[in-house]
Amino acid sequence: MPRYTAPVKDMQFILHDMLDVSSDKTPGYGELDRDFTSAVLDEAGKLASEVLSPLNVVGDTEGCHLENGVVRTPTGFKAAFDQVREGGWTALDLPEEFGGQNMPYILATAVGEMFSGANQAFTMYQGLTHGAASAILAHGTDDQKQTYLPNMASCEWTGTMNLTEPHCGTDLGLMRTKAEPQDDGSYAITGQKIFISSGEHDMADNIIHLVLAKIPGGPEGIKGVSLFIVPKFLVNDDGSLGERNGVSCGKIEEKMGIHGNSTCVMNYDGAKGWLLGEEHKGMRAMFTMMNEARIGVGMQGVAQAEVAYQNALDYAKDRLQGRAVTGAENPDGPADPLIVHPDIRRSLMDQKSFAEGARAFLLWGSQLIDRAHRGGDEDAHGMISLLTPVIKGFLTDEGYDMTVQAQQIYGGHGYIEEWGMSQFTRDARIAMIYEGANGVQALDLVGRKLAQDGGKHVMAFFDMVKTFCKENDGEPMADFVEPLKSASKDLQAAGMFFMQNGMKNPNAALAGSTDFMHLFGHVCLGLMWAHMAKAAQAALARGDGDADFLEAKLATARYYMTRRLPATKMHLARIESGADPVMTLAAEQF
């Protein structure tokens, strides 16, 4: 059976040596000293490895089952969910007044990566609840917050988001679900939603659905969409549960992966719902949840890459195959371990350099979210808005690729279910699709985010990279700064191409959008690796920490700079080829 070990040591290095969180002036960060974060992460890691990880294969093989309108989750899920609840892990960063612990989002992100790496399908139940609670916290009335948030923070009640319908996914303006106003101020919700993660299950007393629907007579298209709170069980004035609402699960989708999560078709038959936020402004409220979810999905890409890498590394060290070309390294055995072979090393270094660089990117992004939300930093808000599609799109594309590389190290055994590697690949695949498919993330980045606030935020990113390179020019940082400079120039050249060609030929920009998202992602990871290299050098100079760990950091940073970061030149060449190679064929010529 595959194993999972929480990467606590790496997280601690990023939090304290690279990001220096305890010196950050953001409210709440002063408490994040090494001892405190170590205590939280060690305990979360123990829960992840000992409780959640063993259930990962159970969830994959058993799946969920619909019985008389009730979804039965896999064996052990309910007991594990109770443990997670009892430990207070469901509301680390939610406000204390609603039962949360008010810790910074960055710490919740680190814990979330552990839980997702151990068992992604299981962790989605609480992750979606957190997103729904965040939407109610941001847009709900005081009464709605008091009614729903305490039980959602504890996950006594869980939450969902209901967007997609059979005939509309990305184009939500086509939705048909209706919300008829009622005399008591509620709305009667009628329609069908599909692909609803955690839509029905047996682990919570109530499920609070957030449902997009159209109020009759409103504007056409997306401007006529509103968001509603629709509980599975109505809530009485005293907080107790009342009668069953008119919402039910019609079926469970049969999926490629995340079998332990109940992905449902939800039917609304005049279900009672209450407006969340303003009429016809549903997307504004839903995007509070979706933007959080996109960061969380990027985290899933990192988590699956990490757990797949851990197991591939174990296999490469244990599996004896062939001899090293430079001479036997295991002369007393019949063959050498796989890890002696250069191409196996290349694959493992791809995986290691991605997982560690992406983790740093994810935690830095979470720090920006804390600065925006806790500290009111508008520049941080603008930066994380720019980077969100990169975090979601690049980290899940690359994360999936890394699970495939990990599976490949096993050879034929990687294709056999008993070794467990295919589950990581199958589970990682959904992250490229849900919460806005990655092609849509790329379009959002190029079509909206680059020009946001007059291009202020992308220029701030370029200035940040330029300043870092200038401040760290020359030895001992030359190995890291020079490649970062070159990659950043590629990113700027791509942006200039869009500016010069995008207005007269929009297809020229959109045809290169996915390449631009990946180019941007590589520059972000290059920046992270340069920061980590600097932190590792400083720790070695002070004589702090584990020297082997720090030397490995520097070697991995050099690998990324020499073997991975040059991909920016390929992406730039594709972008500068324009729209013609993509758009030349007529539809009937395909």
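Residues numbered from 1 in each chain as written. Predicted model: local features only at pLDDT ≥ 70, side-chain atom pairs only at ≥ 80, totals over all residues. Heavy atoms only, no water.

A.B. asks: Sorry, what's going on with the overall build of the chain here?
C.D. replies: Scanning the chain for helices and strands turns up 19 helices and 11 strands. For the chain, whose C-alpha radius of gyration is 24 Å, the value lies close to the compact-globule estimate of 25 Å for 590 residues. Principal-axis analysis of the C-alpha atoms gives the chain an extent of 80 × 60 × 55 Å. Considering the chain as a whole, with its 590 residues, one finds that 58% of them fall into the buried category. Counted over contacts in the chain with a minimum sequence separation of 6, partners at least 24 positions apart contribute 74%. When the accessible surface of the chain is split by element, carbon and sulfur atoms take 51% of a total near 24100 Å². In the chain, which carries 50 positive and 77 negative side-chain charges, the distance between the mean positions of the two groups comes to 5 Å. (Helix = DSSP H or I, 4+ residues; strand = E, 2+ residues; numbered from the N terminus. Rg over C-alpha atoms; globule rule 2.2 N^0.38 Å. Buried < 20%, exposed > 50% of the residue type's maximum accessible area, 1.4 Å probe, protein only. Contact = heavy atoms within 4.5 Å. Areas by Shrake-Rupley, 256 points an atom, 1.4 Å probe, with all protein chains shown as cover. Lys, Arg positive; Asp, Glu negative; His and termini not counted. Charge placed at Lys NZ, Arg CZ, Asp CG, Glu CD.)

A.B. asks: Would you take a moment to explain the pattern of salt bridges for this structure?
C.D. replies: Opposite charge on two side chains allows them to pair when their charged atoms are near. Per the counting criterion, the structure on display carries 35 salt bridges. Here Arg558 makes a salt bridge to Asp479, at a shortest N to O gap of 3.0 Å. Highlighted residues: Arg558 in helix α17 (residues 547–564) and Asp479 in helix α14 (residues 478–501), separated in sequence by 79 residues. Judged by relative accessible area, which is 40%, Asp479 ranks as partly exposed. Connected through salt bridges with shared partners, the residues Asp10, Glu113, Glu306, Lys352, Glu356, Arg359 and Lys553 form a single ionic network. (Salt bridge = Lys/Arg side-chain N within 4 Å of Asp/Glu carboxyl O.)

A.B. asks: Help me understand the packing of aromatic side chains in this model?
C.D. replies: Between two aromatic rings, the relevant description is the distance of the centres plus the angle of the planes. Within the structure shown, the criterion is met by 15 aromatic pairs. When the centroid spacing of 6.4 Å and the interplanar angle of 65° are considered together, the rings of Phe461 and Phe462 count as edge-to-face. When sorted by exposure, Phe461 lands in the same class as Phe462, which is buried. Sitting above the plane of the Phe233 ring, Arg244 keeps its charged end 5.7 Å from the centroid. The ring of Tyr400 has Arg429 lying over it, and the distance from NZ or CZ to the ring centre is 5.6 Å. (Phe/Tyr/Trp six-rings, centres within 6.5 Å; stacked < 30°, edge-to-face > 60°. Lys NZ or Arg CZ within 6 Å of the ring centre and 35° of its normal.)

A.B. asks: Looking at this structure, how should I read the pairing of strand β3 (residues 157–162)?
C.D. replies: Moving residue by residue along a regular strand, the side chains alternate between the two faces of the sheet. The buried fraction of β3 is high, at 6 of 6 residues. Neither face of β3 is left uncovered, since the one carrying Trp157, Gly159 and Met161 and the one carrying Thr158, Thr160 and Asn162 both have all their residues buried.

A.B. asks: Would you mind going over the nonpolar core with me for this structure?
C.D. replies: For soluble globular proteins, the rule of thumb is that nonpolar side chains tend to be buried together. Met114, Phe361, Phe461, Phe516 and Phe520 are the most contacted members of the largest nonpolar core, which totals 146 residues. Here the element with the most residues in this core is helix α16 (residues 513–542); it accounts for 16 residues. When neighbours within four sequence positions are excluded, Phe361 is seen to be in contact with Leu387, Val390, Ile391, Leu395, Cys524, Leu525 and Met528. Ranked by size, the runner-up nonpolar core spans 29 residues in total, among them Tyr148, Trp157, Met161 and Leu210. (Core = buried A, V, L, I, M, F, W, Y, C linked by side-chain atoms within 4.5 Å.)

A.B. asks: So what exactly am I meant to see when it comes to the packing of helix α1 (residues 8–18) against α17 here?
C.D. replies: Geometrically, a packed helix pair is captured by the angle between its two axes and the distance between the axes. It is at 12 Å that the axes of α1 and α17 come closest, and there the two elements cross at 75°. In terms of axis orientation, α1 runs roughly perpendicular to α17. Where α1 abuts α17, its residues Lys9, Asp10 and Phe13 lie against Phe549, Leu550 and Lys553. By residue class, the composition of the contact of α1 with α17 is 3 nonpolar, no polar and 3 charged. (Axes fitted to C-alpha atoms, helices over the stretch in contact; angles between N-to-C directions. Parallel < 35°, antiparallel > 145°, perpendicular 65-115°, else oblique. Nonpolar A, V, L, I, M, F, W, Y, C, P; charged D, E, K, R; others polar.)

A.B. asks: Got a minute to help me understand the pairing of strand β9 (residues 241–244) in this structure?
C.D. replies: In the sheet, strand β8 (residues 233–235) pairs with β9 via 2 bridges, with the strands oriented antiparallel. Paired with Val235 across the strands is Leu241, a residue of β9. Counting the residues that bridge the hairpin from β8 to β9 gives 5 residues, and of these Gly239 lies at a positive phi of roughly 90°. (Pairing = 2+ DSSP bridges.)

A.B. asks: How do you make sense of the side chain of Lys193 when you look at a structure like this?
C.D. replies: One can find Lys193 in strand β5 (residues 187–197). Within the local environment of Lys193, its side chain forms a polar contact with the side chain of Glu165, the two groups lying 2.9 Å apart. If we skip the residues at most four places from it in the chain, Lys193 touches Asn162, Leu163, Thr164, Glu165, Met175, Thr177, Val211, Leu212, Cys264, Val265, Met266 and Tyr268. (Polar contact = N/O pair within 3.5 Å; in protein donor to acceptor, adjacent residues only side chain to side chain.)

A.B. asks: Sorry if this is basic, but what is going on with the side chain of Thr388 here?
C.D. replies: Residue position: Thr388 is located in helix α10 (residues 378–409). Looking at Thr388, the relative accessible area reads 7%, which means it is buried. Polar side-chain contacts of Thr388 include one of 2.6 Å to the backbone oxygen of Ile384.

A.B. asks: What is the right way to look at unusual backbone geometry in this model?
C.D. replies: When glycine is set aside, most residues are seen to have a negative phi, and most peptide bonds are trans. Each neighbour pair has its own omega, and for Glu475 with Pro476 the value is 5°, a cis peptide bond. Considering the arrangement of structural elements, one finds Pro476 in the loop between α13 (456–471) and α14. Backbone geometry places Cys155, a non-glycine residue, at a positive phi of 65°. Inspection of the secondary structure puts Cys155 in the loop between α7 (142–153) and β3. At His280, a residue that is not glycine, the phi angle is positive and equals roughly 65°. Topologically, His280 is positioned in the loop between β11 (263–275) and α8 (282–318).

A.B. asks: Help me understand the state of the cysteines in this model?
C.D. replies: Cysteine pairs can be linked by a disulfide, which is a covalent bond between their two sulfur atoms. Counting across every chain of the model gives 0 disulfides. Looking at the unpaired Cys249, the closest cysteine sulfur is the one in Cys264, lying at 3.7 Å. With relative accessibility at 8%, the residue Cys249 sits in the buried group. (Disulfide = S-S within 2.5 Å.)

A.B. asks: How should I be thinking about the environment of Ile215 in this particular structure?
C.D. replies: Its place among the elements puts Ile215 in the loop between β6 (206–214) and β7 (225–231). Ile215 gets classed as buried once you look at its relative accessible area, which sits at 8%. Remark: the alpha-carbon pair of Ile215 and Tyr187, spanning 28 residues in sequence, is separated by 8.7 Å. Excluding its chain neighbours within four sequence positions, the residues that come into contact with Ile215 are Ala179, Pro181, Tyr187, Gly224, Ser226, Phe228, Glu279 and His280.

A.B. asks: What is the right way to read α1 from this model?
C.D. replies: Owing to its 3.6 residues per turn, the α-helix aligns residues three or four sequence positions apart on the same side. Most of α1 sits out of view: 9 of its 11 residues are buried. Every buried residue of α1 is listed here: Val8, Asp10, Met11, Gln12, Phe13, Ile14, Leu15, His16 and Met18. In this fold, the buried residues of α1 make contact with α2 (34–52), α5 (105–118), α9 (342–373), α16 and α17. Among the residues trailing α1, Asp20 stands out with phi positive, at a value near 50°.

A.B. asks: Even after reading the chapter, I still don't get helix α18 (residues 567–576), so can you show me in this structure?
C.D. replies: Every buried residue of α18 is listed here: Thr568, His571, Leu572 and Ile575. Angularly, the buried residues of α18 cover 100° about the axis, an arc narrow enough to put them on a single face. Looking at the buried side of α18, the elements it contacts are α14 and α16. Positive backbone phi, approximately 75°, marks Gly578, located one or two places after α18. (Arc of directions from axis to C-beta.)

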